[in-house]
Amino acid sequence: MINSFPSVKRRRQTNQAPGPKEEVRANVKNFELQKNDKYYAWLFLGPSFLVLGIFVFYPMLRTLYLSLFLTDSFGRPTVFVGLQNYLNLLTSKVYMASIQATGVYVIGVTAFTIICGLLLAAVANQKIRGIEFFRTIFTATMGVSVSVSAIFWLFMFNPSIGVLNQIALFLHLPTVNWLTNPHWAMVSVITTSVWMHLGFTFLIFFGALQSVPKTLYDAADVSGASSRYQFFHITLPMISPTFFFVAVITMISSFKSFGLIDLMTAGGPTNATNLLVYRIYKDAFVDGNYAVASTESIVLAIIIAIITFIQFKLLAKRVNY
Amino acid sequence: MTKLISIFKPHWRWGLGLLALLAIIGGFAYGNQAHAESKRIKVVFWHEMKGPGQKQIDAYVKAFNKKQSKYEVVAEFEGGYNGVIQKIMNTHGTAASPALFQSMDISTSQMYHSGFTTPVQKFVDRDHYDLDQLVPGARAIYSRNGKLLSMPFNSSQTALYYNKAVLKKYGITPPPVDPTYSDITRVAKQIHDKSHGQVKGMTMEAYSWLFEQLVANAGVPLANHNNGHTGDATKVDFTSPAAIKAMQWVKENIDYGDFINFGSGGNASANEAASFLSGHLGIFMQSSAKTGQLYKVLKNNLGVTYFPRPDGKKANGIAVGGASLWISNDKPAAVQNGAWEFSKFLVNAKNQATWQAKTGYLAVNKHAKDEPLLKQLFKKSPVLEVSGNQMLRTTPNDTNSGIFIDGLVPARTSIQNAMQQIFAGQDIYKSLKAAENSYNKVLESNNRANGRG
Amino acid sequence: MGIELKEITKTYGQDAAPVLSTVNAEIQDGELFVIVGPSGCGKSTLLRMIAGIIPITSGTLTINDQVMNGVPPKDRNLSMVFQSYALYPFLSVTDNVAFGLKARKMAPAEITRRVQDALAMVSLTDFADRKPRELSGGQRQRVALARAIASDSKICLMDEPLSNLDAQLRVKMRSEIRELQRKLGLTLIYVTHDQTEAMTMADHVMVLNDQHVQQIDTPLDIYNHPANHFVAQFFGTPQINLFAATIAGDEASERITIDDTLHVQLNQPLAAGRYTVGIRPNQMALKPATTGGNANVLNVETLGEQTIIEVTMDSGQEVRIVQAGQVQIKINQRVTVSALGPAFVFDDQQTLIAEQGGVSDDQLVSVG
């Protein structure tokens, strides 16, 4: 078994050496890693390097490697093509449409989630009789899994017997092909996604609103600010760190939307909701084209890195106080 | 640190003792199990059947294991068709791979090229097994150069369903059993007109299989080298006059307003079935495997016809879909023999009769329909026989025996994309051409990656 | 003119006990009016009602003869400084000060002028661009003051503005606020729990306890004529000594007895009975006793210019005595304690009924 650390022991001993000068020198000397320390350093870091290596670095490098090849029916890289896969991808109209769809989806989901979540939180933050009940209701979607909400919304969106079109018929409005019309399909999946994100977002915003000191509003009341002015000039800036957090979390989460898309539209109709992540899945595990999927993964990783960088550069500046 | 260790010190002997005890117990349990199995040759069978299919397979496995004492078949459910291909690729040559596995129709070429399987023809020739008892169309898609690669198993074809109650209500003459495009259009339009739009005439899921079969029924190939049967396909043709005509037929109904679009994928087929069963939709096309479920609800109000054909043309017949049974070549001969024996057992007339009765898949054994079980069933409910007849009357040729290409899934994806575009009102030729071009690129790179073409 | 509180009562919920009951007061224009009391006495509630942040349950508030009960805070033309300063952490000092002015859509030039003036007045001009988190506690306090100044309203409310500062800074800010108030001619209502602040700053003090006003007076009058036990105890450090005392027999007497060795001579007779006598620590004397004596020294606190001695009387009562200068005395030393003369007498309702001496002559000093 490990028998304490010899070098640490020695350090303690040198500390007892007489005279302050010597003591200082002894400490400095011991500050450098000794042979034994290095051994322990590797011993402790080794497992995490190993785990990271196997589960993070190797797959990353393998993905990069695969993206430079053509893969055969069994996923084996056979023909080296250099950057051809990237060229094909970036000149593909369908892929560009996918990027665009992802952009619309991510921005749509993030924007509406934030707006709706903040709105609900602002309502729930009021002192109204029975508001506790609504606070509970608003958080309810947190407990609903992707599959359940997808099925729930699928029922609503059913073109002939769904609730939405039944209501439309009742009101003599034209019915909508919620999931089969390319434009409406995007609206539908965004709606569902926003609905799913809402519980969590509401809770976070509600917590943030509650933590804004009441005296700030009192002071504003006295100094003559209307409640609208207070919302935009006190509430929003005060919760801006939360705002940033929610924006980043929702963006990342909607970038990764997979289950929802798979269950609701499977990327259709006409690729209208074929988001980048879903596309990778389809190319790899349905079509069996690992090279293309790997290329798409690398491109997506780059896109996400760029967006994250921009977010931190732009938003971090504004939320600091 | 030393302190922490010393806390455990008094207990570590106990822990070690406990571990040893567990190991001994475990060893006994394992030993017993191994002992019991060692008498029989274990044959692991991977399948992807859910619901009634899974129940029926378990029943066959039980019966087979009881019937003989040489082999012990172990059935394992492996999830979806797509996943199992990857699993086979990844486990081949290891102890984890199965002796026998079920794989879907469009994976035939890939399995053939993998070299992971022993062609069934080898056992057929050795045992002088009578292949004539199997439906020709079912054999055709799992054959290469006249040799059977795998044992046809769960089989289905595309069928057209209509709701007789709806037709009766509005006094519409039902379509003939072997309808043309315009037969269906007539009925669909009449449903729409006479119900004043309350009931939709027809739908077609944006499902490539349906498109492929419309083209097959017209007797036109979708890929060169006779759909890949006489050589490696290097080009596909989604814009043949037959393909265009099939889509024009749909378009006519879309333009008339009697067509409803349910889109693509699992939800689409669930939605269209729900609409059909609730009387909101008159006609739709799906796998014949749905017949049983629909019949359960509609009883004799369910109408079934053969898959539609172009006007003025005799039906060429359509391919048999579904999946077949493959024997892995990484197992010893004795195990492979067990797999072969079990395959034969599954497709005998009696078992195929129960298979069709219980699951709705079409029996691949010609003699199954002479079994009392199916005879009675067909007498009572003639609609259940329609799709089987469609399969039996088909003379297989290169245009109605599937497409022999590795990785057909992307082709289906692009065709489905084109169908959705067409359903959304875009130009037929342009949409299909785009799909054709996009898949030709995939095909070219696939062939290059696989050292073909 | 000024601010007038009439029968102001505050109740939360219909059946709940009031947190403030029938408060009456008049606050003159330009005076510094301190509301003082222990925590939970309702002093902040009262201030918030004046500000309009919380509604008044009953009673009338008038400012310059206008009833203000239903008027929203922003229309009461007053400013307020909070204990937590209520600074906006995301705004610079300048923007914090300008916040209310911008909200009122004042002309930018006017805002700039006012903000600059206000910052100059609290000597924060050099810190105009800093964020609150980059300031010390005292500087934040000044920002809050500047914000009140910039609003240019003649009434300012302050809710324990100094309680988050350290002792030295508090002393400094006390005089600064006082100075500012005079310079700007503000009517300042100042809430605190600190009697020293009340004593040193106020023109008038309102003592609040137990939801009720105990006394409203000038600081010295409160010190010299405390209306009751509470007020007597609340003002003056160390705290006043309260003794149970009697006038024995049946007849009225001028001599009131605390115990055998300690009595107070009043200048007019009181009826026989039980009373409480209050004697401030500086009105008691002690001398070391070689024999006899009536108390033991318990504790000695030497402050330099004075010495606080705690003794235990033989009756068991603890007494605080302040002596000028640096007294050398040992703990457990036997001493004789006596009263110098000035004392307050309270009845069994704890209300002041008689004073002996009040301010002794040697404490009244006239300057000039």
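Residues take numbers from 1 onward in each chain, read along the sequence in its written order. Lettering of chains starts at A and numbering of ligands starts at 1, both following the order in which they are written. In view of the model being predicted, local features appear only for residues whose pLDDT reaches at least 70, and side-chain atom pairs are presented and counted only at 80 or more, with totals across whole chains, interfaces and linings using the full set of residues. As a rule here, side-chain values come from all non-hydrogen atoms in the structure, and water together with hydrogens is ignored.

**Here we look at the UniProt feature "transmembrane region" (unreviewed entry) in chain A**
Residue and element names in this part refer to chain A.
Turning to step 1, where the next piece is worked out: UniProt positions are given in the numbering used here, feature names are shortened, and annotations may be inferred rather than shown by experiment. Residues annotated by UniProt as "transmembrane region" (unreviewed entry) correspond here to residues 39–61, 103–124, 136–156, 184–209, 230–255 and 298–316.
Turning to step 2, where the next piece is worked out: Secondary structure is summarised from DSSP: a helix means a run of H or I of at least four residues, a strand means a run of E of at least two, and numbering begins at the N terminus for each. As annotated, residues 39–61 has a helix share of 100% and a strand share of 0%, and its two end C-alpha atoms lie 28 Å apart.
Turning to step 3, where the next piece is worked out: Structurally, residues 230–255 is divided into 96% helix and 0% strand, and its ends, taken at the C-alpha atoms, are 33 Å apart.

**So, the layout of surface pockets**
Turning to step 1, where the next piece is worked out: Think of a 1 Å grid over just the protein atoms. A cavity is a set of points where a 1.4 Å probe fits yet cannot get out, a pocket is an open set with protein on both sides within 12 Å along at least five of seven lines, and lining residues have an atom within 4 Å of a point. Grid points are joined across faces, edges and corners, and a volume is the space filled by probe spheres set on the points. Approximately 1,600 Å³ is the volume attributed to the second largest pocket.
Turning to step 2, where the next piece is worked out: As for the second largest pocket, its lining consists of 50 residues, of which Ser92, Val94, Tyr95 and Arg279 of chain A together with Ser438 of chain B are closest to the centre.
Turning to step 3, where the next piece is worked out: Secondary-structure elements contributing two or more residues to the lining of the second largest pocket are helix H4 (84–90), helix H5 (93–124), helix H9 (182–210), helix H14 (276–286) and helix H15 (290–319) of chain A together with helix H18 (409–423) and helix H19 (428–449) of chain B.
Turning to step 4, where the next piece is worked out: Counting residues per element, the lining of the second largest pocket draws most heavily on H19 of chain B, at 13 residues.

**Some points on the interface of chain B and chain A**
Turning to step 1, where the next piece is worked out: On the chain A side, the residues contacting the 34 residues of chain B number 33 residues.
Turning to step 2, where the next piece is worked out: Basic side-chain nitrogens of Lys or Arg form a salt bridge, by our definition, when they fall within 4 Å of a carboxyl oxygen of Asp or Glu. The interface formed by chain B and chain A contains zero salt bridges.
Turning to step 3, where the next piece is worked out: Going through the elements one at a time, helix H1 (2–37), helix H3 (81–91), helix H4 (108–114), helix H12 (266–277), H18 and H19 of chain B are the ones with two or more residues in the side of chain B that touches chain A.
Turning to step 4, where the next piece is worked out: The leading source of residues in the side of chain B that touches chain A is H18 of chain B, at six residues.
Turning to step 5, where the next piece is worked out: For the side of chain B that touches chain A, the per-class residue count stands at eleven nonpolar, 20 polar and three charged. It only takes one pair of heavy atoms within 4.5 Å for two residues to be counted as in contact. Ten residue types, Ala, Val, Leu, Ile, Met, Phe, Trp, Tyr, Cys and Pro, are classed as nonpolar, four, Asp, Glu, Lys and Arg, as charged, and the remainder, Gly among them, as polar.

**Observations regarding the UniProt feature "domain: ABC transmembrane type-1" (unreviewed entry) in chain A**
Turning to step 1, where the next piece is worked out: UniProt's feature table lists "domain: ABC transmembrane type-1" (unreviewed entry) at residues 99–311 of chain A, given in the numbering used throughout.
Turning to step 2, where the next piece is worked out: Helix makes up 76% of residues 99–311 of chain A and strand 0%, and the two end C-alpha atoms of the span are 18 Å apart.

**Details of the sheet that holds strand S3 (residues 32–36) of chain C**
Residue and element names in this part refer to chain C.
Turning to step 1, where the next piece is worked out: What the six strands build is an open sheet, ordered S6-S7-S8-S3-S9-S10; its pairing is mixed. Either end of the sheet is taken by a strand with one partner, and the two such strands are strand S6 (78–81) and strand S10 (212–217). Averaged over neighbouring strand pairs, the angle between their axes works out to 15 degrees when direction is ignored.
Turning to step 2, where the next piece is worked out: We call two strands paired when DSSP finds no fewer than two bridges between them. Summarising the sheet, strand S7 (residues 155–159) and strand S8 (residues 187–192) pair through five bridges and their orientation is parallel. Axis lines are fitted through C-alpha atoms, for helices just across the contact stretch, and the angle between N-to-C directions can take any value from 0 to 180 degrees.

**What to know about the domain arrangement of chain A**
Turning to step 1, where the next piece is worked out: Throughout the structure description, domain borders are defined by an automatic or database domain assignment. When cut into domains, chain A gives domain 1 (19–66) and domain 2 (86–318).
Turning to step 2, where the next piece is worked out: Inter-centroid distance (C-alpha atoms) of domain 1 of chain A to domain 2 of chain A is 41 Å.

**What about the interface of chain C and chain A?**
Turning to step 1, where the next piece is worked out: Between chain C and chain A, the contact holds 23 residues from the first and 17 residues from the second.
Turning to step 2, where the next piece is worked out: As used here, buried area is the combined drop in accessible area, with a 1.4 Å probe, of two parts when they are placed together. At the boundary of chain C with chain A, total buried surface from both sides reaches about 1,700 Å², with 70% on carbon and sulfur atoms.
Turning to step 3, where the next piece is worked out: Sorting the residues of chain C by area buried against chain A places Tyr88, Phe90 and Phe99 of chain C first, and these three jointly supply 30% of that buried surface.
Turning to step 4, where the next piece is worked out: The interface formed by chain C and chain A holds one salt bridge in total.
Turning to step 5, where the next piece is worked out: Across the pair aspartate 218 of chain A and arginine 48 of chain C runs a salt bridge whose closest N-O atoms are separated by 2.9 Å.

**Points about the pairing of strand S7 (residues 151–156) of chain B**
Side-chain direction in a regular strand flips from residue to residue, so the side chains alternate between the two faces of the sheet.
All names here are of chain B.
Turning to step 1, where the next piece is worked out: Exposure is judged per residue with a 1.4 Å probe applied to protein chains only, and the accessible area is read against the type maximum: over 50% gives exposed, under 20% gives buried, and values in between give partly exposed. In terms of burial, S7 is a largely internal element, six of the six residues being buried.
Turning to step 2, where the next piece is worked out: Bridge count for S7 against strand S12 (residues 321–328) is four bridges, and the pairing is antiparallel. Residue serine 156 lies in a different strand from S12, and its bridge partner there is glycine 321.

**Quick notes on a positive patch on the surface**
Turning to step 1, where the next piece is worked out: A grouping of Lys55, Lys296, Lys299 and Lys380 of chain B is seen on the molecular surface, where their side chains present a positively charged patch.
Turning to step 2, where the next piece is worked out: Relative to the helices and strands, lysine 296 of chain B resides in helix H13 (residues 291–298). Each patch is built from residues that are more than 30% exposed by relative accessible area and take part in no salt bridge. Like charges join if they lie within 9 Å; nonpolar side chains (Val, Leu, Ile, Met, Phe, Trp, Tyr) join within 5 Å. Here the Shrake-Rupley method, with its probe set to 1.4 Å, supplies the accessible areas, and only the displayed protein chains count as covering residues. Note on charges: Lys and Arg go in the positive column, Asp and Glu in the negative column, and His and the chain ends are not counted at all. By convention, charge coordinates are those of NZ in Lys, CZ in Arg, CG in Asp, or CD in Glu.

**A word on the arrangement of the chains**
Turning to step 1, where the next piece is worked out: Pairwise contact counts over the two pairs of chains in contact peak for chains A and B.
Turning to step 2, where the next piece is worked out: The two partners chain B and chain C share no contact, and the minimum distance between any of their C-alpha atoms is 43 Å.

**Digging into the environment of valine 319 of chain C**
Residue and element names in this part refer to chain C.
Turning to step 1, where the next piece is worked out: Position of valine 319 relative to the elements: it lies in strand S18 (residues 318–324).
Turning to step 2, where the next piece is worked out: Valine 319 gets classed as buried once you look at its relative accessible area, which sits at 1%.
Turning to step 3, where the next piece is worked out: Spatially, the C-alpha atom of valine 319 lies 9.2 Å from that of methionine 284, the residues being 35 residues apart in sequence.
Turning to step 4, where the next piece is worked out: Among all residues touching valine 319, those that are not within four sequence positions of it are Asn241, Phe243, Met284, Ile309, Glu310, Val311 and Met313.

**Considering the packing of aromatic side chains**
Residues and elements named next belong to chain A.
Turning to step 1, where the next piece is worked out: Any two of the Phe, Tyr and Trp rings considered here, Trp counted by its six-membered ring, make a pair once their centres fall within 6.5 Å; the pair's planes then place it as stacked at under 30 degrees, edge-to-face at over 60, or tilted in between. Scanning the model with the defined rule gives 42 aromatic pairs over all chains in all.
Turning to step 2, where the next piece is worked out: Seen in terms of ring centroids, phenylalanine 133 and phenylalanine 134 are 5.4 Å apart; in terms of plane orientation they differ by 80 degrees. Their pairing is edge-to-face.
Turning to step 3, where the next piece is worked out: Geometrically, the ring pair formed by tryptophan 178 and tryptophan 184 is edge-to-face, given 5.1 Å between the ring centres and 75 degrees between the ring planes.
Turning to step 4, where the next piece is worked out: Judged by its relative accessible area of 15%, tryptophan 178 is buried.
Turning to step 5, where the next piece is worked out: Grouped by ring-pair contacts, the aromatic residues Phe152, Trp153, Phe157, Trp178, Trp184 and Trp195 constitute a single cluster.

**Topic: the pattern of salt bridges**
Turning to step 1, where the next piece is worked out: Following the criterion strictly, the structure yields 27 salt bridges over all chains and no others.
Turning to step 2, where the next piece is worked out: Between aspartate 314 of chain C and arginine 334 of chain C there is a salt bridge whose closest N-O contact spans 2.7 Å. Placement of the pair is aspartate 314 of chain C in the loop between strand S17 (306–313) and S18 and arginine 334 of chain C in strand S19 (residues 334–339), with a sequence separation of 20 residues.
Turning to step 3, where the next piece is worked out: Judged by relative accessible area, arginine 334 of chain C falls into the partly exposed class, the value being 26%.
Turning to step 4, where the next piece is worked out: Through salt bridges with shared partners, a single network forms among Arg126, Asp127, Glu341 and Lys344 of chain B.

**Quick notes on the UniProt feature "domain: ABC transporter" (unreviewed entry) in chain C**
Turning to step 1, where the next piece is worked out: On the UniProt side, "domain: ABC transporter" (unreviewed entry) is annotated at positions that read residues 3–235 of chain C here.
Turning to step 2, where the next piece is worked out: Annotated as residues 3–235 of chain C, this span is 37% helix and 24% strand, and its ends, taken at the C-alpha atoms, are 25 Å apart.

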